[in-house]
Amino acid sequence: MNNRTFAFIGSYASEDGPGLYACSYDEQNGRLTIVDRADGLPNPTFLVPNENMGTIYAITEGADAEGRRCGAAAAFRFDASEGRLRKLNEELTTPATTCHIELDRTSRLAFTASYHGGLLGVSPILSDGRIGPSAGVYRHEGNSVLPVQSQARVHSVIVDRQNRYAVVSDLGLDKVFVYRIDSADESLSLRSETSIAPGSGPRHFVFHPQLPYGYGINELNGTITVYAFDADTGTLSVAQTISTLPDTWQGDNVCADIHLSPDGKFLYGSNRGHDSIAVYRVDAADGRLTLVQHAPTLGGHPRNFAVSPDGRFVLVANRDGNHIVTFARDAESGQLQPTGIELEVSKPVCVRFATFG
Ligand SMILES: O=C1O[C@H](COP(=O)(O)O)[C@@H](O)[C@H](O)[C@H]1O
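Described in the following lines is the structure provided in the data block. (Residues numbered from 1 in each chain as written. Predicted model: local features only at pLDDT ≥ 70, side-chain atom pairs only at ≥ 80, totals over all residues. Heavy atoms only, no water.)

1. Observations regarding the pattern of salt bridges
Scanning the model with the defined rule gives 10 salt bridges in all. Of the charged contacts in the structure, one is a salt bridge between Glu-66 and Arg-68, with a shortest N-O distance of 3.0 Å. Exposure class is identical for Glu-66 and Arg-68. Each is exposed. Residues Glu-102 and Arg-352 are paired through a salt bridge, measuring 3.4 Å at the closest nitrogen-oxygen approach. (Salt bridge = Lys/Arg side-chain N within 4 Å of Asp/Glu carboxyl O. Buried < 20%, exposed > 50% of the residue type's maximum accessible area, 1.4 Å probe, protein only.)

Have a look at this one:
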């Protein structure tokens, strides 16, 4: 069977309407077309596809036995030939609502980040694709200098290329933590923590596909931190910090998402407020960044975006624009250009590609 690439969209949504969308993807022009949607999910604001199992996992806002709002995750099977989503199950993940979900590289574990609880959750993926009952919840403690940093705010969990470490960005503590993954035991153990400038608000992180560097975007002070990553010890060291904003910008802004091009030559970070994608060239020798462009996102609050697997297009989820905007990406310069193609969706905040065989 030929491989086919799809995109999945998560959104802020109420339980009585659609919130998770499956879209076909036209590799020639970057156009998305909704093929199926799932209702009944309260705020499925982040999702992760599992290409190996043909499943999708979306965070939702669940409720425990006493009716308290909790982090939950819903599992879906996606039938690529029919373009249909079928719900498998839903499980609580953390005793506070979540903002991010990622899988380990063997698709056996799901990691969730709880912004409101300062928690990190580990849940098993069962052999039939369902998400299993929580295998553990890890709590961060502390605070930093800004009012929003009065407590830990775990914002994302990213797994390294060798599937040994989980990098956890804590916006509340101005720290990036590295945990060792024990897949057999379904557990995490802390290896290192790296502090960055007070008031930075580390939010999301990405590993370079070849070089020993990682890149973290800092929501609160509009910067990206370049880290050297030592995979033997599981430690990060700060190599560079660079602004995501033009020097002339004086308005409010909070950064959100960060991605590399598949060839690792360019890095992209989103600005909510300035409403742009900052584009950087990556130095192949030392991983450092040089600004290339600020590309307007053509809509407000670009909370998440995705680079297509072939690197030709970038899809931006503009929450306040209520649309996903398709940009063409120049492989030589890294620059983004609008294509004129958009998909209307209510409050989209996550877009992720998946290729199924
Ligand atoms: O208050 C909230 O904030 C968190 C974090 O969102 P961000 O867009 O500022 O990073 C969000 O996950 C949650 O849904 C919302 O209630």
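On we go from here.
2. What about the sheet that holds strand β21 (residues 266–272)?
Spatially, 4 strands are ordered β20-β21-β22-β23 in an open sheet, and the strand pairing comes out antiparallel. On the outer flanks of this sheet lie β20 (254–260) and β23 (289–296), each paired with one strand and no other. On average, each strand axis in the sheet is tilted by 25° relative to the strand beside it, whichever way the strands run. (Pairing = 2+ DSSP bridges. Helix = DSSP H or I, 4+ residues; strand = E, 2+ residues; numbered from the N terminus. Axes fitted to C-alpha atoms, helices over the stretch in contact; angles between N-to-C directions.)

3. Comments concerning the pairing of strand β8 (residues 100–103)
The side-chain alternation of β8 yields two buried faces, one formed by His-100 and Glu-102 and the other by Ile-101 and Leu-103. Examined bridge by bridge, β8 and strand β9 (residues 109–114) share 4 bridges and lie antiparallel to one another. Along β9, the bridge assignment pairs Glu-102 with Phe-111. Taken together, β8 and the strand that follows it, β9, pair antiparallel across an intervening segment of 5 residues, in which Ser-107 is found at a positive phi of about 60°.

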